[in-house]
2 protein chains.
Amino acid sequence: MTKPEKIAPTITTGALPASRKIHIPGTLHEIRVPLREIAVSNEAALAVYDSSGPYTDPAAHIDIARGLADVRGTWALARGDVAPYAGRAVLPADNGFATGARLTPAFPHQRDPLRATGGRAVTQLAYARAGIITPEMEFVAIRENEGRLAAPIRDGEAFGASLPDLVTPEFVRAEIAAGRAIIPANINHRELEPMIIGRNFKVKINANIGNSAVTSSMEEEVEKMVWAIRWGADTVMDLSTGRNIHNIRDWIIRNAPVPIGTVPLYQALEKVGGIAEDLTWEIFRDTLIEQAEQGVDYFTIHAGVRLHMIPMTARRVTGIVSRGGSIMAKWCLHHHRESFLYERFDEICDIMRAYDVSFSLGDGLRPGSIADANDEAQFAELRTLGELTRIAWAKDCQVMIEGPGHVPMHKIKANMDEQLKHCHEAPFYTLGPLTTDIAPGYDHITSAIGAAMIGWFGTAMLCYVTPKEHLGLPDRDDVKTGVITYKLAAHAADLAKGHPGAQRRDDALSRARFEFRWEDQFNLGLDPDTARAMHDETMPAEAHKVAHFCSMCGPKFCSMRISHDIRAEAERQQGMASMAEKFREGGALYVPAPATEPAQ
Amino acid sequence: MTKPEKIAPTITTGALPASRKIHIPGTLHEIRVPLREIAVSNEAALAVYDSSGPYTDPAAHIDIARGLADVRGTWALARGDVAPYAGRAVLPADNGFATGARLTPAFPHQRDPLRATGGRAVTQLAYARAGIITPEMEFVAIRENEGRLAAPIRDGEAFGASLPDLVTPEFVRAEIAAGRAIIPANINHRELEPMIIGRNFKVKINANIGNSAVTSSMEEEVEKMVWAIRWGADTVMDLSTGRNIHNIRDWIIRNAPVPIGTVPLYQALEKVGGIAEDLTWEIFRDTLIEQAEQGVDYFTIHAGVRLHMIPMTARRVTGIVSRGGSIMAKWCLHHHRESFLYERFDEICDIMRAYDVSFSLGDGLRPGSIADANDEAQFAELRTLGELTRIAWAKDCQVMIEGPGHVPMHKIKANMDEQLKHCHEAPFYTLGPLTTDIAPGYDHITSAIGAAMIGWFGTAMLCYVTPKEHLGLPDRDDVKTGVITYKLAAHAADLAKGHPGAQRRDDALSRARFEFRWEDQFNLGLDPDTARAMHDETMPAEAHKVAHFCSMCGPKFCSMRISHDIRAEAERQQGMASMAEKFREGGALYVPAPATEPAQ
């Protein structure tokens, strides 16, 4: 077993057990697409999707004060439609007026930000529409195939999704051009390993991190991100509030191989001392530019909360549970007017397209309880998000749509159907949903049920929920539990949709299980360390990892051992195939074949 | 917070936090039906289903050497169709020839077993068909209503299930008469608090316990049972192998308020030294009588594994994964004939009906991997189980049907549909199913996804899976995690089916959440202790349990606090209702109303 190492001093590095990093080169572009190859003891190694970045590559030199390598700068500059500029000066308010020892140091290596020239849209959507296959598109195409050369298994119910045997760069381009998928990839996030979010691709998951008013150094926040992607988070949202937001975000992005999302409203609110009514378009706009220059890949924008919808929440059991939604609702009500997010949406688009920041249109009125699911307020906002999607698309901006929340199982499908209908197939990105309210402490599970289902129905990305949801701030173990839980939910969704590559890993693991290859069983699982530790609690001896039964049931009661005996016995007798024919209905005792039926 | 106490020395007793035991009397019979009433700080107390028995009743005197009170003996004797008899003598083989210090002491208070007289069927099915409402039927009717007098909410998709507003004793009788539900209640399990399993009732869960070859005293096994029902297990299966099976089972049943299920084949196999081929009908039959006299409420019988089906498993990835199924398959193949379970099925029925032991017809050929789901072998056996159901019903025996296993989401519904079709609506009892194979260590979650879905579709009871599945023997924490996980899955299923009482608890908890009543939120949850502990990790101070925000987000970012502000603000302005009208589409910016539409 490979022990993860800590550096700097808190960053987790090192390969996962039995795993090595491999890279597949592009054919259109000079790119190297990372995958994780899991060694299997008596089969071919299995390559799997790998979100963990260079941290799991022993050949990579990690120094968080330098950040990850700049891989995308040349891609952006080669397109000839962007230019570096001086950028906005960092203001004391950006870090909550922290000074001296309380101020997180600025990231030491600052680059001038890139921005579109001449008012151009430098988005993946603009390129896709222009017929251009970018390096980002080829990268995600290779990545999605996980080293497969064929589609071994086609089985599933895709609910209208269209999953190709193998993803080609052209397929990626066409999906982006249609608005059905996005590659969140700010031109200033040059360290990014691009990934794609869309229902015709693998279901993705997001993990939330973020410092709060009192805690966390920049090292801790970088480590949270590294830890989340180690276990499979495809994107990470930095939901920091409090001081030092700007500087900590810089440290995160410069060290992040995955897209980073934020809710810019949180920082804007900090800048006005937490008084929602004091928010202004100018402060918000300045915050968007600040974060776009840093390289944030997607922004949650709660532009769908409109004045007339707020009274629709009056009779709800849990009112408005989205932080951004409640802040904007308060602003609207106080000023008695539509929000600046809605009124200035076209200006927001102009900023987004200049850096290729993707929209994640926030569901500010999502239900916070079973009682409030699928209500008037929720679906009214969803229709507005659909209108905003068209506006953003007209500006060549990439868009995904956020969804709930708390929804009982029988109301989940309607969420997907309504979203597809009103939001024109823009990717859906949901939080869970939780399928019951009665299990605080276990909401990673109540929500994994909903997440697996809505992922099956077509949701492109699932925002994780940790065991601490509703109760407290997740620690390291909670983050891992949340990520693994959502990885298994996303994979269950891929299987059910009939993703042609998904079942390979299940089959490899099940073969290992049937053949008593314990080490392979651990290594092929989502969390080899936990599986091994649980096994060793009951059966610590090395002998138990090679024996053809285990001490759980013992040899007499081991169904798999007996199955092997049965196969051997059957083959000795005469071969299974002819037996099947011979015994078919042979000994029917209670349901004899009708006398009129000819004997076989 | 009420601390659970340990007695004897390992039995957990004491009420759950803020809870007290209440009893509702019958009107037809002299019965007292226990419920758990949860106190809520500013609302009426909420009564909930309570499987935990007298262990959570501070008024009860617990002495495991005496066992629980005999509540059902008079019910059985009053019917005039049973009589006590000397019963079978305990043989050394019954306890695996354990002697001296290795022999678990016999339970000290032995009663003569009861048995039907004159070859009668003394089953709940026989009484139901005769139009008799038994005390057991009235008991479960009251229990299912959870103290409700009305059905506050009707919402859901029931897939053909028929859930009444309130369950009446006559409804119970009719469901049992139709074979759609069972009350597993051996006449010799006099300590039982009856419960019902059927798709028109609340979804139930089972927890497995059992000693293995080396471990466990009788106290430990009794405690495992008590611990499992404390958290909500509705039935408990004793899957013991090894020595002392007979005596430990006696201790469990005499102290069990829930139905106890077993797989008699396991003990029979021990009696022949673990050599499957040496099993005989005589040994098996003797084991059935031994366990029926003790009071086992349901037997898993793998009578559906037929000779011609065995070759169908040849090309499976994981062969036969049911222990009972593999043992019987080996026997069949060795002797080249149908199993004695199949050939002697009518004789088995004669034993079952004399004690009212319910059948749980085992799925010996269930799939053990995603690759094997819904295959020929599985569905061939299911059809045989349907045939056997009719035979058992003809003998007035109660029947439920066991189901898989490992099934991807898109193949789950077919399992339920096939079961309903081929097994004539006999209750379905499934193990999960697991929706992917790739997460060893997290199979309580991979399976909770499938369990919630199949419960929604109509499965009546869900057999839990613990985090240690495939890896080792569950410990106390694993048992609790498995039980809570399955309780939330069963509840999610009840909500989605539209069980008329289910949402009461979600709503009560969500109201508490919205009103910052932290203590109520913990107490109304499935696991108050864990919720409280998680909360206290982040916010230990008592002040945090009363403040109208919490330190997770702080007051500025607390959506629920802001929601309250919004309500107050809106009410100040003019009342929500008129606002809704006033603002409706008022400020449409991008989608102006058509000019032809009259202004409102």
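Per-chain numbering applies: the sequence of each chain, read as written, is numbered from 1 onward. In the order they appear in the text, chains get letters beginning with A and ligands get numbers beginning with 1. Only residues with pLDDT of at least 70 get local features here, since the model is predicted, and only at 80 or more are side-chain atom pairs given and counted; chain-wide, interface and lining totals rely on the full set of residues. Side-chain numbers come from the whole structure's heavy atoms, not from hydrogens or water.

Chemist: What is the right way to read the overall build of chain A from this model?
Modeler: Going along the chain from the N terminus, every DSSP run of H or I of four or more residues is numbered as a helix, and every run of E of two or more is numbered as a strand. Of regular secondary structure, chain A possesses 20 helices and 17 strands. Here the radius of gyration uses the C-alpha set of atoms, whereas the globule reference equals 2.2 Å times the residue count to the power 0.38. Over its C-alpha trace chain A gives a radius of gyration of 26 Å, about what one expects of a compact globule, namely 25 Å for 600 residues. By its C-alpha atoms, chain A is 85 × 55 × 50 Å across when sized along the principal axes. The buried share of chain A, reckoned over its 600 residues, is 67%. A contact between two residues is defined here by any heavy atoms of the two lying within 4.5 Å. Partitioning the intrachain contacts of chain A with sequence separation of at least 6 by distance along the chain shows that 75% fall at a separation of at least 24. For chain A, the exposed area adds up to about 19200 Å²; of that, 54% sits on carbon and sulfur atoms. One way to put it: in chain A the 64 positive side-chain charges average out to a point 1 Å from where the 77 negative ones average out. Relative accessibility under 20% of the residue-type maximum defines a buried residue, over 50% an exposed one, and the middle range a partly exposed one, all with a 1.4 Å probe and only protein chains included. What sets the accessible areas is the Shrake-Rupley method with a 1.4 Å probe; for residues, cover comes only from the shown protein chains. Charged-residue counts in this description rest on Lys and Arg as positive and Asp and Glu as negative, His and the chain ends being excluded. Each charge is placed at NZ for Lys, CZ for Arg, CG for Asp and CD for Glu.

Chemist: Would you take a moment to explain the nonpolar core for this structure?
Modeler: Inside soluble globular proteins, nonpolar side chains tend to come together where they are buried. In this description, a nonpolar core means a group of buried Ala, Val, Leu, Ile, Met, Phe, Trp, Tyr and Cys residues linked to one another through side-chain atoms lying within 4.5 Å. Counting residues in each nonpolar core, the largest one holds 318 residues, and the members touching the most others are A:Phe359, A:Met409, B:Phe359 and B:Met409. The contacts of B:Phe359, once residues within four sequence positions are left out, are B:Phe299, B:Ile301, B:Phe345, B:Ile348, B:Cys349, B:Met352, B:Ala392, B:Cys397, B:Gln398, B:Val399 and B:Met400.

Chemist: Would you mind showing me how to read the sheet that holds strand β15 (residues 399-403) of chain B here?
Modeler: Strand pairing within a sheet occurs via backbone hydrogen bonds; the two strands may be parallel or antiparallel. All names here are of chain B. DSSP calls a pair of strands paired once it identifies at least 2 bridges connecting them. Here we have 8 strands rolled up into a closed barrel, ordered β10-β11-β12-β13-β14-β15-β16-β17, and parallel in their pairing. For this sheet, the mean angle separating the axes of adjacent strands, direction not counted, is 25°. One ladder, built from 3 bridges, connects β15 with strand β16 (residues 428-431); its direction is parallel. Across the sheet, Ile401 pairs through a bridge with Phe428, a residue of β16. Geometry is summarised by axes, namely lines fitted to C-alpha atoms with helices restricted to the contacting stretch, and by angles between N-to-C directions that run from 0 to 180 degrees. Of the strands in this sheet, β14 (358-361) and β15 touch helix α12 (residues 376-394), which is tilted by about 170° from β15.

Chemist: Sorry, what's going on with the packing of aromatic side chains here?
Modeler: Each aromatic ring pair is summarised here by two numbers: the centre-to-centre distance and the angle between the ring planes. Residues and elements named next belong to chain A. Ring pairs shown here join Phe, Tyr and Trp side chains whose ring centres sit within 6.5 Å, with only the six-membered ring taken for Trp; geometry is labelled stacked below 30 degrees between planes, edge-to-face above 60, and tilted in between. Counted under the stated rule, the structure contains 25 aromatic pairs over all chains. Here the aromatic rings of Trp281 and Phe284 are separated by 6.5 Å at their centres, their planes lie at 35°, and the arrangement is tilted. Linking Trp281 with Phe284, this pair stays in helix α8 (residues 281-294), spanning 3 residues, or about one helical turn. The class for Trp281 is buried, based on a relative accessible area of 6%. Overall, the relative accessible area of 1% leaves Phe284 in the buried class.

Chemist: Help me understand the interface of chain A and chain B in this model?
Modeler: Size of an interface, as often reported, equals the accessible area lost when the parts are brought together. Contact residues are listed per partner, giving 132 residues for chain A and 132 residues for chain B. Once two parts are put together, the accessible area they lose, assessed with a 1.4 Å probe and summed over both, is termed the buried area. With both sides pooled, the region where chain A packs onto chain B buries about 11000 Å², and carbon together with sulfur makes up 67% of that total. Salt bridge, as used here, is a side-chain nitrogen of Lys or Arg placed within 4 Å of a carboxyl oxygen of Asp or Glu. At the boundary of chain A and chain B, one finds 6 salt bridges. A salt bridge links A:Lys468 to B:Glu537, with the shortest nitrogen-to-oxygen separation between them at 2.9 Å. In protein, a polar contact requires one atom able to donate a hydrogen and another able to accept it; more generally it is a pair of N or O atoms within 3.5 Å, and residues adjacent in sequence count only if both atoms are side-chain atoms. Put simply, chain A and chain B have 29 residue pairs in polar contact (both at pLDDT 80 or more) between them. Gly is put with the polar residues, along with every residue not named as nonpolar or charged; the nonpolar set is Ala, Val, Leu, Ile, Met, Phe, Trp, Tyr, Cys and Pro, and the charged set is Asp, Glu, Lys and Arg. Among the residues making up the side of chain A that touches chain B, the classes are represented as 64 nonpolar, 35 polar and 33 charged.

Chemist: Hey, could you run me through the side chain of A:Ser339 in this one?
Modeler: Residues and elements named next belong to chain A. Within the secondary structure, Ser339 sits in the loop between α9 (323-335) and α10 (340-343). A residue is classified by how much of its surface remains accessible, and Ser339, at 0% relative accessible area, is buried. The contact partners of Ser339, leaving out residues within four places of it in the chain, are Val305, Met328, Trp331 and Cys332.

Chemist: I tried to follow the relation of the copies chain A and chain B on my own but got confused; where do I start?
Modeler: Each copy of the chain is related to the other by a rotation around an axis and a translation along that axis. The copies were overlaid by least squares, fitting only the C-alpha atoms of residues that reach a pLDDT of 70 or more in each copy. In screw terms, the move from chain A to chain B is a rotation of 180° and a rise of 0.0 Å along the axis, fitting with an RMSD of 0.0 Å. The symmetry that links the two subunits is that of a two-fold axis. Proximity to the rotation axis, assessed at the C-alpha, singles out A:Ile449 in chain A; its C-alpha lies 2.3 Å from the axis. The overlap is high: 100% of the interface residues of chain A also sit at the interface in chain B, so the same surface is used on both sides.

Chemist: Help me understand the sheet that holds strand β11 (residues 235-238) of chain A, please; the structure alone is not making it clear to me.
Modeler: Residue and element names in this part refer to chain A. The sheet built from 8 strands closes into a barrel, its strands ordered β10-β11-β12-β13-β14-β15-β16-β17 with parallel pairing. Averaged over all neighbouring strand pairs, the angle between strand axes comes to 25°, with direction disregarded. Examined bridge by bridge, strand β12 (residues 260-262) and strand β13 (residues 298-301) share 2 bridges and lie parallel to one another. Opposite Gly261, over in β13, you have Tyr298 as the bridge partner.

Chemist: Is there a simple way to explain the side chain of B:Asp297 in this structure?
Modeler: Residues and elements named next belong to chain B. Position of Asp297 among the secondary structure elements: in the loop between α8 (281-294) and β13 (298-301). Of the side chains with opposite charge, Arg72 comes closest to the buried, unpaired Asp297, at an N-O distance of 5.1 Å. In terms of polar contacts, Asp297 uses its side chain to reach the side chain of His189, at 2.6 Å. Contact partners of Asp297, with chain neighbours within four places excluded, come to Pro184, Ala185, Asn186, His189, Leu192, Val258, Pro259, Ile260, Asp356, Val357 and Ser358.

Chemist: Explanation requested: the UniProt feature "binding site: [4Fe-4S] cluster" (unreviewed entry) in chain A in the structure shown.
Modeler: UniProt positions are given in the numbering used here, feature names are shortened, and annotations may be inferred rather than shown by experiment. In this structure's numbering, the residues bearing the UniProt feature "binding site: [4Fe-4S] cluster" (unreviewed entry) are A:Cys550, A:Cys553 and A:Cys558. Inspection of the secondary structure puts A:Cys553 in the loop between α18 (528-538) and α19 (559-573). Filtering out sequence-adjacent residues up to four positions away, A:Cys553 remains in contact with A:Cys558 and B:Arg323. Among the structural elements, A:Cys558 can be located in the loop between α18 and α19. When its relative accessible area of 9% is taken as the criterion, A:Cys558 is described as buried.

Chemist: I tried to follow the UniProt feature "binding site: Zn(2+)" (unreviewed entry) in chain A on my own but got confused; where do I start?
Modeler: As annotated by UniProt and renumbered to match this structure, "binding site: Zn(2+)" (unreviewed entry) occupies A:His406 and A:His470. A maximum C-alpha distance of 12.3 Å among these annotated residues, which run over 65 residues, shows that they cluster at one spot. Its location among the elements puts A:His406 in the loop between β15 (399-403) and α13 (412-422). Non-local contacts of A:His406, meaning those with residues more than four positions away in its chain, are made with A:Pro367, A:Gly368, A:Ser369, A:Ile370, A:Ala373, A:Pro433, A:Leu434, A:Asp437, A:His470 and B:Arg513. Separated by 2.8 Å, the side chains of A:His406 and A:Asp437 make a polar contact. Along the chain, A:His470 turns up in the loop between β17 (461-463) and α15 (476-497). According to the relative accessible area criterion, A:His470 is buried, its value standing at 18%.

Chemist: Can you help me understand the pairing of strand β10 (residues 204-209) of chain A in this one?
Modeler: Every regular strand shows the same layout, with side chains that alternate between the two sheet faces. Residue and element names in this part refer to chain A. In terms of burial, β10 is a largely internal element, 5 of the 6 residues being buried. Pairing analysis gives 3 bridges linking β10 to β17, with the strands arranged parallel. Within β17, the position partnered with Asn206 by the bridge is Cys463. Bridge count between β10 and β11: 4 bridges; the pairing is parallel. Each residue of the ladder has a partner; that of Asn208, found in β11, is Met237.

Chemist: Can you walk me through helix α16 (residues 503-514) of chain B in this structure?
Modeler: Residues separated by three or four positions in an α-helix point in the same direction, a consequence of the helix having 3.6 residues per turn. All names here are of chain B. Working rule for helices: expected span equals 1.5 Å times residues minus one. Compared with the 16 Å implied by 1.5 Å per residue over 12 residues, the 16 Å span of α16 between its first and last C-alpha is a close match. Summarising burial for α16: 11 of the 12 residues are buried, a large majority. Restricting attention to buried positions, one finds in α16 the residues Gln503, Arg504, Arg505, Asp506, Asp507, Ala508, Leu509, Ser510, Ala512, Arg513 and Phe514. Phe516 occupies a position one or two residues after α16 and carries a positive phi of about 60°.

Chemist: I keep staring at the confidence of the model for chain A and nothing clicks. Help me out?
Modeler: Caution is warranted with low-pLDDT regions, since their predicted coordinates should not be read in detail. All names here are of chain A. This prediction gives chain A a mean pLDDT of 92; 92% of its residues lie at or above 70. Note on residues 585-600: pLDDT is under 50 here. Beyond four places in sequence and across chains, it has 19 contacts. Model confidence for the complex is summarised by a pTM of 0.94, with the ipTM given as 0.94. Looking at any residue, its pLDDT shows the predictor's confidence there, from 0 to 100.

Chemist: Honestly, the packing of α15(A) against helix α14 (residues 443-457) of chain B in this entry has me stumped. Any pointers?
Modeler: When two helices pack together, their arrangement is given by the angle between their axes and by how far apart the axes lie. Where α15(A) contacts α14(B), the axes come no closer than 10 Å and their chain directions differ by 45°. As far as their axial angle goes, α14(B) and α15(A) are oblique. Handedness of the α15(A)/α14(B) crossing: right-handed. Seen from α15(A), the contacting residues are A:Thr485, A:Leu488 and A:Ala489; seen from α14(B), they are B:Ile445, B:Thr446 and B:Ile449. Residues belonging to the contact of α15(A) with α14(B) are distributed by class as follows: 4 nonpolar, 2 polar and no charged. Any angle that is under 35 degrees is reported as roughly parallel, and any over 145 degrees as roughly antiparallel; angles of 65 to 115 degrees are reported as roughly perpendicular and all others as oblique. Crossing handedness is defined as follows: a turn of the near helix away from the far one that is anticlockwise and smaller than a right angle gives a left-handed crossing, while the clockwise case is right-handed.

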